[in-house]
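Secondary and tertiary structure notes
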Amino acid sequence: MSILVNENTRLLVQGITGREGSFHAERCKAYGTNLVAGVTPGKGGETVLDGVPVFDSVREAVDDTGANVALIFVPPPFAADAILESADAGVPLVVCITEGVPVRDSTMVMRYLEGKAVRLLGPNCPGLITPGAGAKVGIMPGNIHLPGKVGVVSRSGTLTYEGVDQLTKRGIGQSTCVGIGGDPVSGTGFVDVLAMFNDDPETEAIVMIGEIGGTKEQEAAAFIRENVRKPVAALIVGQTAPPGRRMGHAGAVITGKAALASEKMRSLEEAGCRVIPTPADIGSTVADMLN
């Protein structure tokens, strides 16, 4: 009843000895995630967080621990190299939390990953969590989640938490919650996650949270219309945003008609989605859709 991460996840954290890396690695471990290694060049041989070994390279960590998910907390100038290092070490899922990665670097990373058996989530994403399976990879607050059968995918970290909290308070559990991030150039997108949820027999409904900027939501709408056979509730934020002004995320800027919230909402409604009017209506709309 999950996608991407589960009880078989073996997590390594790049940048585990830094402030952010240490803080969130500890919370991933406390949630039950199998944290097997950290990577910080020059600090190999140390241990942190009550026995987690630190390695100088991802290759050493993978060879020694069998890590199969990499979580990246390194400064923006070094994030691209960290992603490529995990990819070259054969890590199948790489989750980059780092915000502010240059678009040029992200573009180079995406071209390098083409054709490789590596999935990138992010950059500038909150990660993902499978409630009840001891699998929290990123910065999502574990305490608000409830195991269940609704998949959640979102461009916004904060609205992921808001939506999950509303669902949980209504007794609506989640299968997996995925934050894809809000950068204009990034890895895993809406269509990728929707396809996985559609194929997951334990996910019975989907919540999708999008925003202004780009055409990712229209691509998702086209995929939903042609492929998804499960109910989808969709929220688009930024309905009152002025054209040309970036709203939070690097990719959340209206640069043409297609980037408008109204155009995205229209596309999703035409695809058969239940459109959520405002962020405050996530829980009530999903509850109504499921009844």
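It should be emphasised that the depicted structure is a prediction, and the values quoted were computed from it without experimental measurement.

1. Regarding the overall build of the protein
Of regular secondary structure, the protein possesses nine helices and 14 strands. The globule rule puts the C-alpha radius of gyration for 291 residues at 19 Å, and the 18 Å found for the protein is close to it. Expressed as lengths along the three principal axes of its C-alpha atoms, the size of the protein is roughly 55 × 40 × 30 Å. Considering the protein as a whole, with its 291 residues, one finds that 56% of them fall into the buried category. Within the protein, counting contacts between residues at least 6 apart in sequence, those at least 24 apart form 72% of the total. About 12000 Å² of surface is accessible on the protein, with carbon and sulfur atoms providing 50% of the total.

2. Concerning the nonpolar core
Ranked by size, the top nonpolar core spans 47 residues in total, and within it Ile16, Leu71, Val95 and Ile224 carry the most contacts. If one sorts the elements of this core by residue count, helix H6 (residues 190-199) sits on top with five residues. With residues up to four places along the chain from it excluded, the contact list for Leu71 reads Leu11, Leu12, Val13, Gln14, Cys28, Val95, Ile97, Val137 and Gly138. Within the second largest apolar cluster, 27 residues are counted, among which are Ala37, Val58, Ala82 and Val101.

3. Thoughts on H6
Where H6 is concerned, the buried positions are Phe190, Val193, Leu194, Met196, Phe197 and Asn198. Where H6 is buried, its residues contact strand S7 (119-121), strand S10 (147-154), strand S11 (174-179), strand S12 (205-211) and helix H7 (216-227).

4. What to know about the state of the cysteines
Under the definition given, this model contains zero disulfides. Its sulfur unpaired, Cys177 is 13 Å from the next cysteine sulfur, which belongs to Cys125.

5. Structural notes on a negative patch on the surface
Residues Asp56, Glu60, Asp63 and Asp64 make up a contiguous surface patch of negative charge. As for its position among the elements, Asp56 is in the loop between strand S4 (52-55) and helix H2 (58-65). For Asp56, a relative accessible area of 34% gives the class partly exposed.

6. Examining the sheet that holds strand S3 (residues 47-48)
Each strand in a sheet pairs with another by means of backbone hydrogen bonds, the pair being arranged parallel or else antiparallel. One open sheet accounts for seven strands, arranged S3-S4-S2-S1-S5-S6-S7; its pairing is mixed. Looking along the sheet, the strands with just one partner apiece sit at the ends: S3 and S7. Pairing between strand S5 (residues 69-72) and strand S6 (residues 93-96): four bridges, direction parallel. Paired with Val69 across the bridge in S6 is Leu93.

7. Digging into the sheet that holds S11
Sheet architecture is open: seven strands sit in the order S9-S8-S11-S10-S12-S13-S14, paired in mixed fashion. With one partner strand each, in any of the chains shown, strand S9 (135-138) and strand S14 (274-276) form the two edges of the open sheet. Strand-to-strand twist of the sheet, defined as the mean angle between neighbouring strand axes without regard to direction, takes the value 15°. As defined by bridge partners, S10 adjoins S12 across five bridges and the pair is classed as parallel. Opposite Gly151, over in S12, you have Ile206 as the bridge partner. On top of the sheet, H7 reaches S12 and strand S13 (232-237); it is set at about 155° to S12, its chief contact.

8. Topic: the pattern of salt bridges
Side chains that carry opposite charge are capable of pairing whenever their charged atoms lie near each other. Scanning the entire structure with this criterion turns up 11 salt bridges. With a closest N to O distance of 4.0 Å, Arg225 and Glu226 form a salt bridge. Here Arg225 falls in the partly exposed class, since its relative accessible area comes to 42%. Residue Arg274 pairs with Asp288 through a salt bridge whose shortest N-O separation is 2.7 Å. Of this pair, Arg274 sits in strand S14 while Asp288 sits in helix H9 (residues 282-290), placing them 14 residues apart in sequence.

9. Comments concerning the environment of Leu113
The residue Leu113 is located in helix H4 (residues 103-113) in this model. As for Leu113 and Leu84, which are separated by 29 residues in sequence, their C-alpha atoms are 8.2 Å apart.

10. Observations concerning the packing of H6 against H7
The packing of two helices is summarised by the inter-axis angle and the distance between the axes. The geometry of H6 relative to H7 is characterised by a closest axis approach of 9 Å and an angle of 25° between their N-to-C directions. One way to sum up the angle between H6 and H7 is to call them roughly parallel. Pair H6 / H7 crosses with right-handed handedness. Taking contact as the criterion, the partners of Phe190, Val191, Leu194, Ala195 and Asn198 in H6 are, on H7, Lys216, Glu217, Glu219, Ala220, Phe223, Ile224 and Asn227.

11. Here's the deal with the pairing of S9
Put simply, side chains in a regular strand alternate between the two faces of the sheet. Pairing of strand S8 (residues 127-130) with S9 involves four bridges; the strand directions are antiparallel. Note on S9: the bridge partner recorded for Leu128 is Val137. In textbook terms, the turn of a hairpin is the stretch between consecutive antiparallel strands, and for S8 and S9 this stretch comprises four residues, one of which, Gly132, has a positive phi near 85°.

Thresholds, definitions, all that
- Residues numbered from 1 in each chain as written.
- Predicted model: local features only at pLDDT ≥ 70, side-chain atom pairs only at ≥ 80, totals over all residues.
- Heavy atoms only, no water.
- Helix = DSSP H or I, 4+ residues; strand = E, 2+ residues; numbered from the N terminus.
- Rg over C-alpha atoms; globule rule 2.2 N^0.38 Å.
- Buried < 20%, exposed > 50% of the residue type's maximum accessible area, 1.4 Å probe, protein only.
- Contact = heavy atoms within 4.5 Å.
- Areas by Shrake-Rupley, 256 points an atom, 1.4 Å probe, with all protein chains shown as cover.
- Core = buried A, V, L, I, M, F, W, Y, C linked by side-chain atoms within 4.5 Å.
- Disulfide = S-S within 2.5 Å.
- Patch = residues over 30% accessible without salt bridge, like charges linked within 9 Å, V, L, I, M, F, W, Y side chains within 5 Å.
- Salt bridge = Lys/Arg side-chain N within 4 Å of Asp/Glu carboxyl O.
- Lys, Arg positive; Asp, Glu negative; His and termini not counted.
- Charge placed at Lys NZ, Arg CZ, Asp CG, Glu CD.
- Pairing = 2+ DSSP bridges.
- Axes fitted to C-alpha atoms, helices over the stretch in contact; angles between N-to-C directions.
- Parallel < 35°, antiparallel > 145°, perpendicular 65-115°, else oblique.
- Left-handed = near helix turned anticlockwise from the far one by under 90°.

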